[in-house]
Amino acid sequence: MNRDDVSWSGYWPAAPTPFTPSGALDTAALGSLMNLYADMGVNGVLVNGSTGEWFSQTDDERRTVTEVAVEAVAGRFPVVVGISAYTARQSSALAVHASAAGADGVLATPPPYVHTSPEETLQFFRTVSSATALPFMVYNWPRGVSVDIGTSPGLFSRLADLDNVVAIKDSTGNWLSMLDTVEAVAGRVRVFGSFLHRRGLATLLELGGDGNIDGGGVGAPFAVPFYRAVAAGDAESARVWADRYRALSGRLINGDYSGVFASPIPQLKAVMNLLGQPGGAVRDPLLPVTDATTLAALQEIIDESGIAEASAQILGAGSAH
């Protein structure tokens, strides 16, 4: 397989997993979230990724999330399932289930905590990517696993050569390193990275790259039209949408993907809840954002960005059809 075997591109939310205030998996909210994404016009979705709090779920819960998401999306856009785990055996088993459930692909980071060497990283992905025939996305997430694939010369290229690898999600905090990834492998696999700004637009138009997968989909009303403009070659419109997206995301997320006001996932769910979206509660060990001053600051950012009005316009247009 290579990049031409999938049509993955554009804006994809990394979906949160909604939990109830008592910590139970909220499958109804998860189904509603998938429908919201469809109404927003996203190009795909990642479930059970870092934003999906896979680390606090049992394997049975992760399988349930996969099944609910695939059923709710019902083929309207690709569903890629995160199968990150501490061993290749566990990741492979989750991949087999994702395939049986009808997922369109799977994604994994290197094993967290282990600090794998380049050869160990390659062997892990060789094993997990071949567990099924599903298209596979390699996820570089240095903040979460303390391994940066991009710092090992030639490793991304070797991973791109694996039979089922069709895409890379490069979430390094080093933007120039991400550009190196694009240059090295974008001709062979899809590259999702940090492109939703003017520098990213220039990269997409001149160097390559395929899309963004970012937390929660809050920015979809700006990001979806950005990628539509990119596809149409309309750089002028794309710059407008990029600036609006950046004015929102830049006040919430730091360059290293940490949250400005709280841990990224509780902060995201707080914003989603303020917008009336089915983000749900977080689960231990994360703590919800409850401080009134913080919530007021988040509401101010929402109000000044115009994202609520943009969301309402999209949803209103959808309901008119």
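Everything below is about the structure shown above.
Below is a summary of the structure that appears in this document. (Residues numbered from 1 in each chain as written. Predicted model: local features only at pLDDT ≥ 70, side-chain atom pairs only at ≥ 80, totals over all residues. Heavy atoms only, no water.)

Digging into helix α10 (residues 235-249)
So, point 1. Here α10 spans 20 Å end to end across 15 residues, near enough to the 21 Å set by a 1.5 Å rise per residue.
So, point 2. Along α10, the residues that are buried comprise Ala235, Ala238, Ala242, Tyr245, Leu248 and Ser249. One face of α10 carries all of its buried residues, which in axial projection span an arc of 140°. (Helix = DSSP H or I, 4+ residues; strand = E, 2+ residues; numbered from the N terminus. Expected span 1.5 Å × (residues − 1). Buried < 20%, exposed > 50% of the residue type's maximum accessible area, 1.4 Å probe, protein only. Arc of directions from axis to C-beta.)

Considerations on the pairing of strand β3 (residues 79-82)
So, point 1. Of the two faces of β3, the one lined by Val79 and Val81 and the one lined by Val80 and Gly82 are each fully buried.
So, point 2. Where strand β2 (residues 45-47) lies against β3, 3 bridges are found, and the strand directions are parallel. Within the sheet, the bridge partner assigned to Leu46 lies in β3 and is Val80.
So, point 3. Sheet topology note: the β3/strand β4 (residues 105-108) ladder contains 3 bridges and is parallel. Residue pairing in the sheet places Val81 in a bridge with Val106 of β4.
So, point 4. In the classification by handedness, the crossover that spans β3, the intervening helix α3 (residues 88-101) and the parallel β4 is right-handed. (Pairing = 2+ DSSP bridges. Right-handed = clockwise from strand over helix to strand, strands pointing away.)

What to know about empty space enclosed by the protein
So, point 1. Within the structure shown, the criterion is met by 1 cavity of 30 Å³ or more.
So, point 2. Here the largest cavity is characterised by a volume of approximately 30 Å³.
So, point 3. Forming the boundary of the largest cavity are Asn48, Arg62, Arg63, Thr66, Val81, Gly82, Ile83, Leu94 and His97.
So, point 4. With 3 residues, the single largest contributor to the lining of the largest cavity is helix α2 (residues 59-73).
So, point 5. By residue class, the composition of the lining of the largest cavity is 3 nonpolar, 4 polar and 2 charged. (1 Å grid on protein atoms, 1.4 Å probe; cavity = no way out; pocket = protein on both sides within 12 Å on 5 of 7 lines; lining within 4 Å. Points joined across faces, edges and corners; volume = space filled by probe spheres on them. Nonpolar A, V, L, I, M, F, W, Y, C, P; charged D, E, K, R; others polar.)

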